[in-house]
Amino acid sequence: MSVIDLGGTAEAWRRAPVRPAAVHIVNLEKPPSDLPDWLRSDHADACELPAEILAGHYDLVISNSVIEHVGGHARRRMFADAVHRLADRHWVQTPYRYFPVEPHWVCPGMQFLPAAARATVARHWPLVHTPPADRAEALRAVLDVELLSRTEMRAYFPHSLIRAEKVAGLAKSLIAVKPR
């Protein structure tokens, strides 16, 4: 099986319990230089893939918690179009907008606050992974996350099953799955 992972990392695939024959990673971060022969990594934007990547065909597209970071509806549409073009099958996961805890800051209800209030929370919330240096950085960080609803996932992936990953009976994440 050949897999393209939009937004994945080499380290995640090295630790994976199952290894496809070939994995192609596309990420905005520079790829490591010491990759095994079954793993390829390109520095590219998944919403605006280079022609040589789009010309490839894969058995499966995987993307885990990326679509909520690409930047607005137009770029989410470009991302979804790339997923549909690259393979007949896909598995695209994103945190669910209406789960009560915002997953990036692990803060209850933060996603429902106005941007200015989210920036304040991002600066002072004790569970934040990397506290922003100042208010401007906090605002950029919160504006870079746009959690999706079921309706949006259905719109971007109309021929896919939209599954929910649940915690305590509540949908925590949504996964667009197209097995064929």
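Our structure is the block above this text.
With respect to the overall build of the chain
Logical step 1: Helix and strand content of the chain: 6 helices and 9 strands.
Logical step 2: Over its C-alpha trace the chain gives a radius of gyration of 17 Å, about what one expects of a compact globule, namely 16 Å for 180 residues.
Logical step 3: Scored against the burial criterion, the 180 residues of the chain give a buried share of 41%.
Logical step 4: Counting contacts in the chain only where the partners sit at least 6 residues apart, residues at least 24 apart contribute 53% of the total.
Logical step 5: Accessible area of the chain: about 9800 Å², with a carbon and sulfur share of 56%.
Logical step 6: Seen as two clouds, the 22 positive and the 20 negative side-chain charges of the chain have centres 7 Å apart.

With respect to the packing of aromatic side chains
One pair of aromatic rings is described through two measures. These are the centre distance and the angle between the planes.
Logical step 1: Within the structure shown, the criterion is met by 2 aromatic pairs.
Logical step 2: A ring pair is formed by Tyr96 and Tyr98, whose centres lie 5.7 Å apart and whose planes are at 75°; its orientation type is edge-to-face.
Logical step 3: Of the residues examined, Tyr96 reaches a relative accessible area of 14% and is grouped as buried.
Logical step 4: Ring-pair connections join several aromatic residues into one group, and the members of that group are Tyr96, Tyr98 and Phe112.

Let's talk about the side chain of Gln111
Logical step 1: Note on placement: Gln111 falls in the loop between strand 7 (107–108) and helix 4 (115–124).
Logical step 2: Separated by 2.6 Å, the side chain of Gln111 and the backbone oxygen of Phe99 make a polar contact.
Logical step 3: Apart from residues no more than four positions distant in its own chain, Gln111 is found in contact with Arg97, Phe99, Pro100, Val101, Glu102, Arg118 and Leu147.

Focus: helix 4
Counting along an α-helix, one turn takes 3.6 residues, and residues three or four places apart therefore face a common direction.
Logical step 1: Within the sequence span of helix 4, burial applies to Arg118, Ala119, Val121 and Ala122. Around the axis of helix 4, the buried residues are gathered within 165° of arc, so they sit on the same side.
Logical step 2: Its buried side turned inward, helix 4 meets strand 7 and helix 5 (135–143).

Section: the environment of Phe79
Logical step 1: The topology assignment puts Phe79 in helix 3 (residues 72–86).
Logical step 2: Given the relative accessible area of 0%, Phe79 is considered buried.
Logical step 3: Excluding its chain neighbours within four sequence positions, the residues that come into contact with Phe79 are Leu6, Ala46, Cys47, Ser63, Val66, Ile67, Val70 and Val92.

Concerning the sheet that holds strand 8 (residues 161–167)
Through backbone hydrogen bonds, the strands of a sheet pair up, either in parallel or in antiparallel fashion.
Logical step 1: Read from one edge of the open sheet, 7 strands run 3-2-1-4-5-9-8, paired in mixed fashion. Edge positions in the sheet fall to strand 3 (39–43) and strand 8, since each has one partner strand and no second. Averaged over neighbouring strand pairs, the angle between their axes works out to 20° when direction is ignored.
Logical step 2: Judged from the 6 bridges that link them, strand 5 (residues 90–95) and strand 9 (residues 170–178) form a sheet pairing that is antiparallel. Bridging across to strand 9, Gln93 finds its partner in Ile175.

Re unusual backbone geometry
Logical step 1: We note that Ser65 has phi near 55°; this positive angle belongs to a residue other than glycine.
Logical step 2: Mapped onto the elements of the fold, Ser65 is located in the loop between strand 4 (60–64) and helix 3.
Logical step 3: The phi torsion at Val106 lies on the positive side, around 50°, for a residue other than glycine.

Here we look at the nonpolar core
Logical step 1: If you look at the biggest cluster of nonpolar residues, it comprises 29 residues, and the most contacted ones within it are Ile4, Leu6, Ile53, Phe79, Leu86 and Phe157.
Logical step 2: Of all the secondary-structure elements, those providing two or more residues to this core are strand 1 (2–6), helix 2 (51–54), helix 3, helix 6 (150–156) and strand 9.
Logical step 3: No other element matches the 5 residues that helix 3 contributes to this core.

Conventions we followed
What you see as residue numbers is a count from 1 along each chain, following the sequence as written. In keeping with the model being predicted, local features are shown solely for residues with a pLDDT of at least 70 and side-chain atom pairs are shown and tallied solely at 80 or more, while totals for entire chains, interfaces and linings include all residues. Hydrogens and waters are ignored; side-chain quantities use all the structure's heavy atoms. A run of H or I in DSSP becomes a helix once it reaches four residues, and a run of E becomes a strand once it reaches two; helices and strands are each numbered from the N terminus. The globule rule is 2.2 Å times the number of residues to the power 0.38, and the radius of gyration it is compared with is taken over C-alpha atoms. For the exposure calls, accessible area comes from a 1.4 Å probe over protein chains only, and a residue counts as buried if that area is under 20% of its type's maximum, exposed if over 50%, partly exposed in between. Should any heavy atoms of two residues lie within 4.5 Å, those residues are counted as being in contact. Values of accessible area rely on a 1.4 Å probe in the Shrake-Rupley scheme; residue burial ignores everything except the protein chains shown. In this tally Asp and Glu are treated as negative and Lys and Arg as positive; neither His nor the chain ends contributes. By convention, the charge on Lys lies at NZ, on Arg at CZ, on Asp at CG and on Glu at CD. Pairing of aromatic rings covers Phe, Tyr and Trp, the last counted by its six-membered ring, and requires centre-to-centre distances within 6.5 Å; plane angles under 30 degrees mean stacked, over 60 mean edge-to-face, and any other angle means tilted. Nitrogen and oxygen atoms within 3.5 Å of one another constitute a polar contact, given that in protein one can donate a hydrogen and the other can accept it, and given that sequence-neighbouring residues count only through two side-chain atoms. When we speak of the arc, we mean the arc of directions from the helix axis to the C-beta atoms. Pairing between two strands is assigned when DSSP locates at least 2 bridges connecting them. Angles run from 0 to 180 degrees between N-to-C directions of axes, and those axes are lines fitted to C-alpha atoms, restricted for helices to the stretch in contact. Nonpolar core, defined: a set of buried Ala, Val, Leu, Ile, Met, Phe, Trp, Tyr and Cys residues in which side-chain atoms within 4.5 Å join the residues together.

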